[in-house]
Amino acid sequence: ARADMRVFGKFVLQLALPALLFHTLAQRPAAEVLDANYLLAYLAGSLIAGGAGFAWARWGRRKGLAEAALFGLGTSCSNSGFIGFPLMLQVVGATAGVALALNMIVENVVILPLALMLAELGRAAAGGGDWRAALRQSLLGLLRNPMIVAIVLGLLFAFTGWHLPAPAERAMALFATSCGALALFVIGGSLGGQRVAGLWQDVPAIVAGKLILHPLAVLAMLWLLPPADPVLRTAAVVGAAVPMLGIYPVLAQKYGFEGLCAVVQLVATLSSFVTLTALLWWLQM
């Protein structure tokens, strides 16, 4: 039942995904997260794609602030851990680990908090609340968000060289490995019984924004801000070209748009078989 999907979704957001983020960042040397040009280029490209998705929904389709924020998130935040990393590993080898850490910093420190803050403001406005109080609550909520806490702690461990004791490390890895399977289960459960009538004006726009606009925007920014390692350019474009993050429908549960976001993710994942194959062929040529 849909109520069960919400329970699984809460587990992913509160435990499994924070464990994955911490585990990914804490195991990487600090030097791998210090390429300023890469971070700025990937961030700028993601903001361009996200801003386009937000603007199209807010002013083109007259959507509410929360829904427009989810549109922007869908066009700018990749499934870096479960689709991007395996593809980058295939194309650029060991450099994929560096790109994964950098992409996750951009996505989870800037893009995701920004989208969630806008969505919270939209939910408060829809309920007739004061936007200042909503902004304050959103910022406080972000500070308490397990994903943000996990990123901060992961970066702290990366920069200090600290390591968890072996039992704690095994427990963290156990939670981290559960994230992918449960996130996919929640997506499938959200799709069950979902009506797609009336969604086809929105779905293609978000899918095109993610699979086409996002990698093009990142590629343009990489010409302006080339990273120290040229191989990272290829990794960044591949990372931006994959479908949206796996928990996209899970994040939308709180605002009542999980059905739309699940359909978007399904269509984007199927469409990416074509777009990613074309991109990989072009890169090989």
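The next point concerns the overall build of the chain. Along the backbone of the chain there are 12 helices and 0 strands. Put simply, the chain runs from its N terminus to its C terminus through helices and strands in the order α-α-α-α-α-α-α-α-α-α-α-α. Here the C-alpha atoms of the chain give a radius of gyration of 18 Å, agreeing with the 19 Å that 2.2 N^0.38 yields for 285 residues. Overall size of the chain, expressed as C-alpha extent along the three principal axes, is 45 × 45 × 35 Å. Carbon together with sulfur atoms contributes 70% to the accessible area of the chain, which is approximately 13000 Å² in total.

This part is about the packing of aromatic side chains. In this structure the tally under the stated criterion is 7 aromatic pairs. Each ring, one from Tyr38 and one from Tyr42, has its centre 6.1 Å from the other, and the planes form 5 degrees; the classification is stacked. Linking Tyr38 with Tyr42, this pair stays in helix α2 (residues 36–60), spanning 4 residues, or about one helical turn. Among the residues examined, Tyr38 registers a relative accessible area of 0% and is labelled buried. We classify Tyr42 as buried; its relative accessible area is 1%. Their ring planes at 25 degrees and their centres at 6.1 Å tell us that Trp56 and Phe71 sit as a pair that is stacked. In this pair, Trp56 is assigned in helix α2 and Phe71 in helix α3 (residues 65–76), connecting sequence segments 15 residues apart. On the basis of relative accessibility, which here comes to 1%, the residue Phe71 falls in the buried class. Here the aromatic cluster, defined as three or more aromatic residues joined through ring pairs, consists of Phe22, Phe157 and Trp162.

A surface patch of nonpolar side chains, about 270 Å² in accessible area, is lined by Leu47, Val109, Val110 and Leu114. Per-element tally for the nonpolar patch: the top contributor is helix α5 (residues 95–126), with 3 residues. The residue Val109 is located in helix α5 in this model.

In this section: the state of the cysteines. Scanning all chains against the criterion turns up 0 disulfides. Just so you know, Cys77 is unpaired, no disulfide at all, and the nearest cysteine sulfur is the one on Cys261, 12 Å from it. Under the relative-accessibility criterion, Cys77 is labelled buried at 2%. For Cys261, a relative accessible area of 2% gives the class buried.

Our next topic: the pattern of salt bridges. Scanning all chains against the criterion turns up 6 salt bridges. Notably, a salt bridge pairs Glu258 with Arg6, separated by 2.9 Å at the nearest N-O pair. Here Arg6 lies in helix α1 (residues 2–26) and Glu258 lies in helix α12 (residues 258–284), a separation of 252 residues in the sequence. Taking relative accessible area as the criterion, Arg6 reaches 39% and is therefore assigned partly exposed. For Lys63, the salt bridge is made with Asp202, and the minimal N-O distance between the two is 3.0 Å. Of the two residues, Lys63 is situated in the loop between α2 and α3 and Asp202 in the loop between α8 (166–191) and α9 (203–224); the sequence distance between them amounts to 139 residues. Here Lys63 matches Asp202 in class, with each residue buried. One salt-bridge network, in which partners are shared between bridges, spans Arg61, Lys63, Glu67 and Asp202.

Another aspect to go through is the nonpolar core. Core analysis: the biggest nonpolar cluster contains 80 residues, and Leu73, Leu245, Ile247 and Tyr248 have the highest contact counts within it. Here this core takes 13 residues from α5, the largest share from any one element.

Right, let's talk about the packing of α1 against helix α7 (residues 146–160) for a bit. Two quantities define a packed helix pair, namely the angle between the axes and the distance from one axis to the other. Here α1 crosses α7 at 20 degrees, and the two axes come no closer than 8 Å. On the basis of their axis angle, the class for α1 and α7 is roughly parallel. As for the relative orientation of α1 and α7, their crossing is right-handed in sense. Here α1 contributes Leu13, Gln14, Leu17, Pro18, Leu21, Phe22, Leu25 and Ala26 to the contact with α7, which in turn contributes Pro146, Met147, Ala150, Ile151, Leu153, Gly154, Leu155, Phe157 and Ala158.

Glancing now at α1. With 25 residues, α1 ought to run about 36 Å at 1.5 Å a step, and its terminal C-alpha atoms sit 34 Å apart, in line with that. Along α1, the sharpest kink reaches roughly 45 degrees, centred on Val12.

So, how was this worked out
Residues numbered from 1 in each chain as written. Predicted model: local features only at pLDDT ≥ 70, side-chain atom pairs only at ≥ 80, totals over all residues. Heavy atoms only, no water. Helix = DSSP H or I, 4+ residues; strand = E, 2+ residues; numbered from the N terminus. Rg over C-alpha atoms; globule rule 2.2 N^0.38 Å. Areas by Shrake-Rupley, 256 points an atom, 1.4 Å probe, with all protein chains shown as cover. Phe/Tyr/Trp six-rings, centres within 6.5 Å; stacked < 30°, edge-to-face > 60°. Buried < 20%, exposed > 50% of the residue type's maximum accessible area, 1.4 Å probe, protein only. Patch = residues over 30% accessible without salt bridge, like charges linked within 9 Å, V, L, I, M, F, W, Y side chains within 5 Å. Salt bridge = Lys/Arg side-chain N within 4 Å of Asp/Glu carboxyl O. Disulfide = S-S within 2.5 Å. Core = buried A, V, L, I, M, F, W, Y, C linked by side-chain atoms within 4.5 Å. Axes fitted to C-alpha atoms, helices over the stretch in contact; angles between N-to-C directions. Parallel < 35°, antiparallel > 145°, perpendicular 65-115°, else oblique. Left-handed = near helix turned anticlockwise from the far one by under 90°. Contact = heavy atoms within 4.5 Å. Expected span 1.5 Å × (residues − 1). Bend = angle between axes of the 7 residues up to and from the residue.

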